[in-house]
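Fold and contact review
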Amino acid sequence: MISDFYLNYRKQYFLKLKSNIDIVFAGDSHVECALNDSLIPNTINIAHSGEAYMYTYVKLKTLLKYNPQIKTIFLSFSPYKLDKKMEDLWLFNDEFVIEKNKSLNYLLTWQERKLIFENNPKIYLEGIRDYTISNFTAIIKSYLLKKLINFGGYKFLVRDELQENISKNDTARHNHFEKGIYQLKYLVLISELCHQKSVKLILIDTPKYKTFKTDKNITLYWDSVSKITRFDSVLDVSRMFYPDSYYGDVTHLNYKGAEVFSKYLKEKIYSH
């Protein structure tokens, strides 16, 4: 599409970060809600709710191309994100096909577009009008705004659903685990990209409420996956428990929790 072509031409202007930004927080809603980049110097949060690793990969690939100053990436991770149910939801569900491609279709290769089309052709084609309008809007904004456009960011979460989650016993993820294909594929591609660019990759599992559980089969699968994935370290703080008032629900920190956790991470990053 013409709009894709022109937006790709303009991306070198609106995807250029300030020269002091050398740390990126990326991934899905757990990082989106947990890390307030305004409280951590030299960082930017590009995470977005329900973001499959395929979309994170194309975002990071482009950012690293235009921002050689980036030295570290914190990537949202929990073993259950490799489950096929999660993969099918984030990549092929009607809502996510429309939402993600509306913002990021121009960054996808033909192979990636083909993957989505083959799994949900009706919705992908129906969304072309929305993609095109969004692209032209982004093009206009690229002349007016000096910041990332449609790339995610910190979410000030005011949600208060923790007790509701607990009462529904919504505290476990994927008791019937099935290995996904594309989540793992793009996690490996992200790790290889960071290795090629000499960028430190840190997988981060953000704080979850104390009743949250992950099926043991998922954890065992991750043990095998970790042996083929290049990353510098895993920061697993999922068991870092906070007061109930700091959670928006069982798996997300609200703005109060994000403030405390962001300050914790700031100290961890800059304590050396």
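**What about the pairing of strand 3 (residues 72–76)?**
Summarising burial for strand 3: 5 of the 5 residues are buried, a large majority. Burial along strand 3 is two-sided: Thr-72, Phe-74 and Ser-76 and Ile-73 and Leu-75, pointing in opposite directions, are all buried. Pairing between strand 1 (residues 23–26) and strand 3: 4 bridges, direction parallel. Within strand 3, the residue paired with Ile-23 across the bridge is Thr-72. Note: strand 3 against strand 5 (residues 200–205), 5 bridges, orientation parallel.

**Regarding empty space enclosed by the protein**
Under the defined criterion, the tally for this structure stands at 1 cavity of 30 Å³ or more. In this model, the largest cavity occupies a volume close to 30 Å³. At the level of secondary structure, the elements contributing two or more residues to the lining of the largest cavity comprise helix 5 (94–104) and helix 8 (128–144). Here the lining of the largest cavity is composed, by residue class, of 4 nonpolar, 4 polar and 1 charged.

**Describing helix 10 (residues 182–196)**
For helix 10, with 15 residues, the first-to-last C-alpha span of 21 Å sits near the 21 Å given by 1.5 Å per residue. Those residues of helix 10 that sit buried are Gln-183, Leu-184, Tyr-186, Leu-187, Val-188, Ile-190, Ser-191, Leu-193 and Cys-194. Turning to helix 10, the residues buried within the fold contact helix 3 (53–66), strand 3, helix 4 (84–92), helix 6 (110–119), strand 5 and helix 11 (216–225). With its phi angle positive at about 55°, Ser-198 sits one or two positions after the end of helix 10.

**Focus: the packing of aromatic side chains**
Scanning the entire structure with this criterion turns up 10 aromatic pairs. Ring geometry for Tyr-124 versus Tyr-131: centroids 5.6 Å apart, planes at 55°, classification tilted. Summarising the burial analysis for this pair, Tyr-124 and Tyr-131 share the class buried. Grouping aromatic residues by their ring pairs yields a cluster made of Phe-117, Tyr-124 and Tyr-131. Directly above the aromatic system of Phe-151 lies the positively charged group of Lys-59, at a separation of 5.4 Å from the ring centroid. Here the guanidinium or amino end of Arg-113 rests over the ring plane of Trp-110, the centre of that ring lying 4.9 Å away.

**Considering the pattern of salt bridges**
Counted under the stated rule, the structure contains 10 salt bridges. Among the salt bridges present, the one from Lys-84 reaches Asp-88, with a minimum N-O distance of 2.7 Å. Residue Lys-84 and its partner Asp-88 are both found in helix 4; the two are separated by 4 residues, about one turn of the helix. The exposure class assigned to Lys-84 is partly exposed, which follows from its relative accessible area of 27%. Residue Asp-88 is classed as partly exposed on the basis of its relative accessible area of 27%. Asp-249 is paired through a salt bridge with Arg-159; the nearest N and O atoms lie 2.6 Å apart. Of this pair, Asp-249 sits in the loop between strand 7 (233–236) and helix 12 (255–270) while Arg-159 is found in the loop between helix 8 and helix 9 (162–167), placing the two residues 90 residues apart along the sequence. For Asp-249, a relative accessible area of 7% translates into the label buried. Among the residues examined, Arg-159 registers a relative accessible area of 27% and is labelled partly exposed.

Rules used throughout
- Residues numbered from 1 in each chain as written.
- Predicted model: local features only at pLDDT ≥ 70, side-chain atom pairs only at ≥ 80, totals over all residues.
- Heavy atoms only, no water.
- Buried < 20%, exposed > 50% of the residue type's maximum accessible area, 1.4 Å probe, protein only.
- Helix = DSSP H or I, 4+ residues; strand = E, 2+ residues; numbered from the N terminus.
- Pairing = 2+ DSSP bridges.
- 1 Å grid on protein atoms, 1.4 Å probe; cavity = no way out; pocket = protein on both sides within 12 Å on 5 of 7 lines; lining within 4 Å.
- Points joined across faces, edges and corners; volume = space filled by probe spheres on them.
- Nonpolar A, V, L, I, M, F, W, Y, C, P; charged D, E, K, R; others polar.
- Expected span 1.5 Å × (residues − 1).
- Contact = heavy atoms within 4.5 Å.
- Phe/Tyr/Trp six-rings, centres within 6.5 Å; stacked < 30°, edge-to-face > 60°.
- Lys NZ or Arg CZ within 6 Å of the ring centre and 35° of its normal.
- Salt bridge = Lys/Arg side-chain N within 4 Å of Asp/Glu carboxyl O.

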